[in-house]
Amino acid sequence: MTVRIENEQDYKQMLASAELAVVHFWADFAAECKNITEVLNELSKEVKNTKMYEIEAEKLSEISMKHEIVAVPTVILFKGGKAVDRVDGMNAAEITKKVKLHSSQASNGLPTSPPQKKEDLDTRLKRLINAHKCMLFMKGKPDEPKCGFSKQTIGILNGMNAEYGTFDILTDDEVRQGLKKFSNWPTYPQLYISGELIGGLDIIKEMVESGDLQTMIPTKVDLETRLKELINAAPIMIFMKGEPKGPKCGFSRQLMEIMEETKLEFKHFDILSDEDVRQGLKKFSNWPTYPQVYVKGELVGGLDIIKELREGNELVPTLKGEA
């Protein structure tokens, strides 16, 4: 039977296990996940030295992001604390094949297949540098800096109401050492704007004194202003889970099918990508669930309202703002 991983501690215990670990990333909106659970339960009766786990992808989003889970179901095989193989999507035959292969190798004392090709360091550094328009590589986290220079830098950025992302270089020595060479800058913190190195604390202070940094750095927009801008970003604006071609909940999937019937153009926002928007819009609109549909900045409603409008032949006129 599969064991549910409920938190980070459970996840770490799984990684520390000497057995082959088969981890199923699932979500309740994807019916295919139930089939994968059944497959793994049956496999658990056949294979030795193997344990089956499951992780609710949305609940433990940091772990899902770490393993680049973009769709469910996804099954990843771990051995010795490292991912050695994976199957993305509903492919029971491939999952069965790979689990039996790795389980057999583990039982015979043979090395498992090599892990997937690792992203080269330069590519990874470029991706991290461009993760946010303003990106700070520091020691510690913004709410808990672990050196005086990082603490001062956070104070300056917060004082400017800056919108920025951070990376704790103490958590990854490869990044810590590699970025020094990549940027030709030997110390931390390091500040980047639009993918370009600005410098360390001394440079930041000089640019603040001259007024140059204030003209370059992105600043936070208060949430209400941001929500107003988002709901007015297009005549028809939909806030949903996932993308139109890859909805991540059953309600969003049904809405996309209905919108396809209307042939009307619309823009969307994936509320799974931004927790501030996800929670804030519920209060702003006084509507507790998703998806949410807006026309010319006004809330129409969720899936039930859209279905009612369609049944009454009022959907297209409403979406066009004619009703």
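These numbers come from a predicted model, not from an experiment.

### Brief notes about helix α11 (residues 250-262)
Phase 1: The terminal C-alpha atoms of α11 lie 19 Å apart, and with 13 residues this matches the ideal 18 Å at 1.5 Å per residue to within 8%.
Phase 2: Residues Ser252, Leu255, Met256, Ile258, Met259 and Thr262 constitute the buried set of α11. End-on view of α11: buried residues confined to an arc of 165 degrees, all on one side of the axis. Projecting away from the buried face of α11 at angles above 90 degrees are the exposed residues Glu260 and Glu261.

### Side note on the environment of Asp172
Phase 1: Here Asp172 shows up in the loop between β9 (165-168) and α7 (173-183).
Phase 2: In contact with Asp172, other than residues within four places in its own chain, are Arg124 and Phe167.
Phase 3: For Asp172, the side chain forms a polar contact with the side chain of Arg124, separated by 2.8 Å.

### Observations concerning the environment of Glu322
Phase 1: Looking at the secondary structure, you find Glu322 in the segment after α14 (315-319).
Phase 2: Overall, the relative accessible area of 58% leaves Glu322 in the exposed class.
Phase 3: In this structure, the C-alpha to C-alpha distance between Glu322 and Asn91, residues 231 residues apart in sequence, is 46 Å.

### Some remarks on the sheet that holds strand β15 (residues 267-270)
Phase 1: Read across the sheet, four strands follow the order β15-β12-β16-β17 without closing on themselves; strand pairing throughout is mixed. What marks the edges here is a single partner per strand, and that holds for β15 and β17 (298-301). Adjacent strand axes in the sheet meet at a mean angle of 25 degrees when their direction is disregarded.
Phase 2: Examined bridge by bridge, strand β16 (residues 292-295) and β17 share three bridges and lie antiparallel to one another. From the neighbouring strand, Tyr294 faces β17, where its bridge partner is Leu299.
Phase 3: Of the strands in this sheet, β12 (236-240), β15 and β16 are in contact with helix α10 (residues 223-231), which crosses β12 at around 120 degrees.

### Observations concerning the packing of helix α6 (residues 148-159) against helix α8 (residues 201-210)
Phase 1: At their nearest, the axes of α6 and α8 sit 10 Å apart, and the two run at 25 degrees to each other. Considered as vectors, α6 and α8 are oriented roughly parallel to each other. Of the two elements, α6 crosses α8, and the hand of that crossing is left-handed. Note on element contacts: α8 touches α6 through Leu201, Ile204, Lys205 and Val208, opposite Phe149, Gln152, Thr153 and Ile156.
Phase 2: Here the residues of the contact of α6 with α8 sort into five nonpolar, two polar and one charged.

### As for the sheet that holds strand β5 (residues 82-88)
Phase 1: One open sheet accounts for five strands, arranged β1-β3-β2-β4-β5; its pairing is mixed. Every interior strand has two partners, whereas the edge strands, β1 (3-5) and β5, have only one. This sheet shows a mean twist of 25 degrees between the axes of neighbouring strands, independent of strand direction.
Phase 2: Bridge analysis of strand β2 (residues 20-26) against strand β3 (residues 50-56) gives seven bridges, and the strand direction is parallel. When the sheet's bridge partners are listed, Phe25 is paired in β3 with Ile55.
Phase 3: Of the strands in this sheet, β1, β2, β3 and β4 (74-79) touch helix α1 (residues 8-16), which is tilted by about 125 degrees from β1.
Phase 4: Across the face of the sheet, helix α2 (residues 32-46) comes into contact with β2, β3 and β4 while running at roughly 165 degrees to β2.

### What about helix α13 (residues 303-311)?
Turn by turn, an α-helix covers 3.6 residues, leaving residues three or four places apart pointing in a common direction.
Phase 1: If you check which residues of α13 are buried, you get Leu303, Ile306 and Leu309. For α13, the buried positions fall inside an angular range of 125 degrees around the axis, keeping them on one side. In this structure, α13 carries Asp304, Glu308 and Glu311 as exposed residues pointing more than 90 degrees from its buried face.
Phase 2: On its buried face, α13 sits against α11, β16, β17 and α14.
Phase 3: Asn313 lies just past α13 and shows a positive phi near 60 degrees.

### A closer look at the nonpolar core
Burial of nonpolar side chains together is a common tendency in soluble globular proteins.
Phase 1: Ranked by internal contacts, the top residues of the largest apolar core, which has 22 residues, are Met14, Ile55 and Val72.
Phase 2: Where this core is concerned, the elements lending two or more residues are α1, β2, β3 and β4.
Phase 3: By residue number, the principal contributor to this core is β2, which donates four residues.
Phase 4: Residues in contact with Val72, not counting those within four places in the same chain, are Phe25, Trp26, Ala27, Phe29, Ala30, Cys33 and Ala57.
Phase 5: Residues Leu136, Tyr164, Ile198 and Leu201 belong to the second largest nonpolar core, which totals 17 residues.

Rules used in this analysis
Residues numbered from 1 in each chain as written. Predicted model: local features only at pLDDT ≥ 70, side-chain atom pairs only at ≥ 80, totals over all residues. Heavy atoms only, no water. Helix = DSSP H or I, 4+ residues; strand = E, 2+ residues; numbered from the N terminus. Expected span 1.5 Å × (residues − 1). Buried < 20%, exposed > 50% of the residue type's maximum accessible area, 1.4 Å probe, protein only. Arc of directions from axis to C-beta. Contact = heavy atoms within 4.5 Å. Polar contact = N/O pair within 3.5 Å; in protein donor to acceptor, adjacent residues only side chain to side chain. Pairing = 2+ DSSP bridges. Axes fitted to C-alpha atoms, helices over the stretch in contact; angles between N-to-C directions. Parallel < 35°, antiparallel > 145°, perpendicular 65-115°, else oblique. Left-handed = near helix turned anticlockwise from the far one by under 90°. Nonpolar A, V, L, I, M, F, W, Y, C, P; charged D, E, K, R; others polar. Core = buried A, V, L, I, M, F, W, Y, C linked by side-chain atoms within 4.5 Å.

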